[in-house]
Amino acid sequence: MKLILEDMELAEPEVIIRGDLSSPEVAGLIARIKAPAAVRRLEVASDGDSCFIDCRDIVFIASAADKVEIYTESESFTSRMRLYEISSRLDRSSFVQISKSTIVNIDFVKSIQAEFSGNYIAFLKNRPEKLIISRRYFKEFKERI
Amino acid sequence: MNNRKNGISPCLSWVRTVLGSIGTGAIVTVIICCIFGGYNDTVKGFIIWMIASILYGIATRLIMFSCKLSLPLSTAIHAVICFAVTIAAMKLCNYETTSLLTVLVPFIIVYLIIYAACYFSWKAEAKRANERLSRNAKE
């Protein structure tokens, strides 16, 4: 990809993309430019108390029944937001949804293993849990790492 | 240079072209045979297996491409449906078979081979992903 930068005075920055707009590479680039800025901290609850955690410390997020749990390396928290709401606020370059109920921080994925069922198991750094990467979500996971 | 158009590799694009041509050719063949040779057992067999192929394709699209069922279960259901279509087509074509086992055993073997091939391709995907994860961890 060629990057050309032109220093000029304009009312607002202008981004022009030339090339095959249907290619996945360009489509991904356009999506990232259009995506809203990710938040750096997320409001969570721990033992009834509200606090903020740095998104970079989040290992994975899992929803079950009617609650969403957020896991860091040493703690777990709950959130009042739904999984899709949290997903829209996270940095898409670091977080990817791997199943209907789980979002993982790619930086904390140590390795993956193929299962006979067509799904994959993700092993995490500094957490004992093994997460299931559904075959439906594996393509996106593969593209993000 | 990006060799992919619309996210499809040139190789896969050519495979699609060839398969599409075979499908179109099959229909044209049936029509030509009927016009010049008349409707006979050969044409009847051709039409029956063409319809069976369409049903295999529909079963694949509805069952295998659906992610609601687990893959082993989808595969089993797909195998049962395709086996039923195959037996029906054989009956309509008046093929002589001593027992269903002569069809069932090769069917099971083919499905096992395809599933095993898929499993090894998933393992290869996992290996490639792990290499990228290791590279990312080092950076």
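Keep in mind that this is a model prediction, so the values were computed, not measured.

**Student:** Just to check I follow, could you spell out the sheet that holds strand 8 (residues 109-114) of chain A for this structure?
**Tutor:** Adjacent strands of a sheet pair through backbone hydrogen bonds, lying either parallel or antiparallel. Strand order across the open sheet formed by three strands is 8-9-10 (chain A), with antiparallel pairing between neighbours. Two strands close off the open sheet at either side, each with one partner strand: strand 8 and strand 10 (130-133) of chain A. Taken pair by pair, the neighbouring strands of this sheet meet at an average axis angle of 30°, ignoring direction. With four bridges connecting them, strand 9 (residues 120-124) of chain A and strand 10 of chain A associate as antiparallel partners. Following the sheet pairing, Ile121(A) is matched in strand 10 of chain A by Ile132(A). Together, strand 8 and strand 9 of chain A form the strand contacts of helix 4 (residues 101-138) of chain B, whose direction differs from that of strand 8 of chain A by roughly 170°.

**Student:** Just checking my understanding: could you explain the pairing of strand 6 (residues 95-99) of chain A for this structure?
**Tutor:** Residues and elements named next belong to chain A. With four of five residues buried, strand 6 is to be regarded as a mostly interior element. Where strand 6 meets strand 7 (residues 102-105), four bridges bridge the pair, whose relative direction is antiparallel. Residue pairing for strand 7: Ser99 is matched across the bridge by Thr102. Where strand 6 hands over to strand 7, the hairpin turn is made up of two residues, counted between the paired strands.

**Student:** Where do I start with helix 4 of chain B in this structure?
**Tutor:** An α-helical turn contains 3.6 residues, so any two residues separated by three or four positions project in the same direction. Helix length check: helix 4 of chain B, at 38 residues, gives a terminal C-alpha distance of 55 Å against a target of 56 Å (1.5 Å per residue), a fit within 8%. Taken together, the buried positions of helix 4 of chain B are Val103(B), Phe107(B), Tyr111(B), Tyr115(B), Tyr119(B), Trp122(B), Ala126(B), Ala129(B), Asn130(B) and Leu133(B). Among the structural elements, strand 8 and strand 9 of chain A together with helix 3 (71-92) of chain B are those in contact with the buried residues of helix 4 of chain B.

**Student:** Would you explain the pairing of strand 10 of chain A in this entry?
**Tutor:** On strand 10 of chain A, burial follows the alternation: Leu131(A) and Ile133(A) on one face are buried, whereas Lys130(A) and Ile132(A) on the facing-out side are not. Two successive antiparallel strands, strand 9 of chain A and strand 10 of chain A, enclose a turn made up of five residues, where Asn126(A) displays a positive phi of approximately 65°.

**Student:** How should the confidence of the model for chain B be read in this particular structure?
**Tutor:** The predicted coordinates should not be examined in detail at positions where pLDDT is low. Residue and element names in this part refer to chain B. Looking at chain B as a whole, the pLDDT averages 86, with 91% of positions reaching at least 70. Summarising per-element confidence for chain B, the mean pLDDT is lowest in helix 1 (residues 10-37) (88) and highest in helix 3 (91). The complex model carries a pTM of 0.70, and its ipTM stands at 0.71.

**Student:** Whenever I open this one, the packing of aromatic side chains confuses me. Can you help?
**Tutor:** Think of a pair of aromatic rings as described by two things: how far the centres are apart, and how the planes are tilted against each other in angle. Counted according to the given criterion, the structure contains 11 aromatic pairs over all chains. Measuring from ring centre to ring centre gives 4.4 Å for Phe60(A) and Tyr71(A), while their planes differ by 10°; the resulting arrangement is stacked. You can see Phe60(A) sitting in strand 3 (residues 60-64) and its partner Tyr71(A) sitting in strand 4 (residues 67-71), a full 11 residues away along the chain. Relative to Tyr115(B), the ring of Phe116(A) lies with its centre 5.2 Å away and its plane at 55°, an arrangement referred to as tilted. Of the two residues, Phe116(A) sits in the loop between strand 8 and strand 9 while Tyr115(B) sits in helix 4, which places them in two different chains. Judged by relative accessible area, Phe116(A) falls into the exposed class, the value being 52%.

**Student:** Explain the interface of chain B and chain A here, please?
**Tutor:** Listed by partner, the interface residues are 24 residues for chain B and 22 residues for chain A. Taking both partners together, chain B and chain A bury about 1,800 Å²; carbon and sulfur atoms supply 59% of that area. There are one salt bridge connecting chain B and chain A. With its nearest N and O atoms 3.3 Å apart, the salt bridge here joins Lys142(A) to Glu125(B). Where chain B touches chain A, the interface holds six residue pairs in polar contact (both at pLDDT 80 or more). Breaking the side of chain B that touches chain A down by element, the ones donating at least two residues are helix 3 and helix 4 of chain B. With 12 residues, helix 4 of chain B is the largest single contributor of residues to the side of chain B that touches chain A. Considering only residue class, the side of chain B that touches chain A consists of 12 nonpolar, eight polar and four charged.

What counts and how
- Residues numbered from 1 in each chain as written.
- Chains lettered and ligands numbered in written order.
- Predicted model: local features only at pLDDT ≥ 70, side-chain atom pairs only at ≥ 80, totals over all residues.
- Heavy atoms only, no water.
- Pairing = 2+ DSSP bridges.
- Helix = DSSP H or I, 4+ residues; strand = E, 2+ residues; numbered from the N terminus.
- Axes fitted to C-alpha atoms, helices over the stretch in contact; angles between N-to-C directions.
- Contact = heavy atoms within 4.5 Å.
- Buried < 20%, exposed > 50% of the residue type's maximum accessible area, 1.4 Å probe, protein only.
- Expected span 1.5 Å × (residues − 1).
- pLDDT = per-residue confidence, 0-100.
- Phe/Tyr/Trp six-rings, centres within 6.5 Å; stacked < 30°, edge-to-face > 60°.
- Buried area = accessible area lost by both parts, 1.4 Å probe.
- Salt bridge = Lys/Arg side-chain N within 4 Å of Asp/Glu carboxyl O.
- Polar contact = N/O pair within 3.5 Å; in protein donor to acceptor, adjacent residues only side chain to side chain.
- Nonpolar A, V, L, I, M, F, W, Y, C, P; charged D, E, K, R; others polar.

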